[in-house]
Amino acid sequence: QVQLVESGGGLMQAGGSLRLSCSAPGRAYTMAWFRQAPGKEREFVAAISWTGGTTLYEDSVKGRFTISRDNAKNTVYLQMNSLKPEDTAVYYCAAGPTYISNYYSTASQSQNYNYWGQGTQVTVSS
């Protein structure tokens, strides 16, 4: 059973930065971050291929968020800069098959991921 554990959430003022971490499986998986705001559906944020050579981002976070991974440490990161109040959500880490990182259309769909963390709260105040 694959267990994912997120950390690094918290309260931050708009314009600030946070870095989320996720313990990743010690095997070849596409890793991704999703988020869910109160009253809204879970949405894709970013994904990274097993090798780290491919990264994909949702339009609203491009240029502000960076996904990365350190396979030696079995850890995936989400560096979030220039935070906005609309970034407030519970952020989830997910692991899925390697092939889904080939296309945004597959990497961005939550149903393509097999394993999920419990989530970490990110709150951005204005």
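Our subject in this report is the structure included herewith.

Thresholds, definitions, all that
Residues numbered from 1 in each chain as written. Predicted model: local features only at pLDDT ≥ 70, side-chain atom pairs only at ≥ 80, totals over all residues. Heavy atoms only, no water. Salt bridge = Lys/Arg side-chain N within 4 Å of Asp/Glu carboxyl O. Helix = DSSP H or I, 4+ residues; strand = E, 2+ residues; numbered from the N terminus. Buried < 20%, exposed > 50% of the residue type's maximum accessible area, 1.4 Å probe, protein only.

1. A look at the pattern of salt bridges
By the definition in use, this model includes 4 salt bridges. Between Asp-87 and Arg-35 there is a salt bridge; the shortest N-O distance is 2.9 Å. Of this pair, Asp-87 sits in the loop between strand E8 (75–80) and strand E9 (89–96) while Arg-35 sits in strand E4 (residues 30–36); the two residues are 52 residues apart in sequence, bridging distant segments of the chain. For the pair Asp-87 and Arg-35, a shared accessibility class is recorded, and that class is buried. Among the salt bridges present, the one from Arg-64 reaches Asp-87, with a minimum N-O distance of 2.8 Å. A residue pair is termed long-range when its members are at least 10 positions apart, and Arg-64 in the loop between strand E6 (55–57) and strand E7 (65–70) and Asp-87 in the loop between E8 and E9 qualify at 23 residues. A single burial state applies to Arg-64 and to Asp-87, both of which are buried. Bridged by salt links that share partners, the residues Arg-35, Glu-43, Arg-64 and Asp-87 form one connected network.

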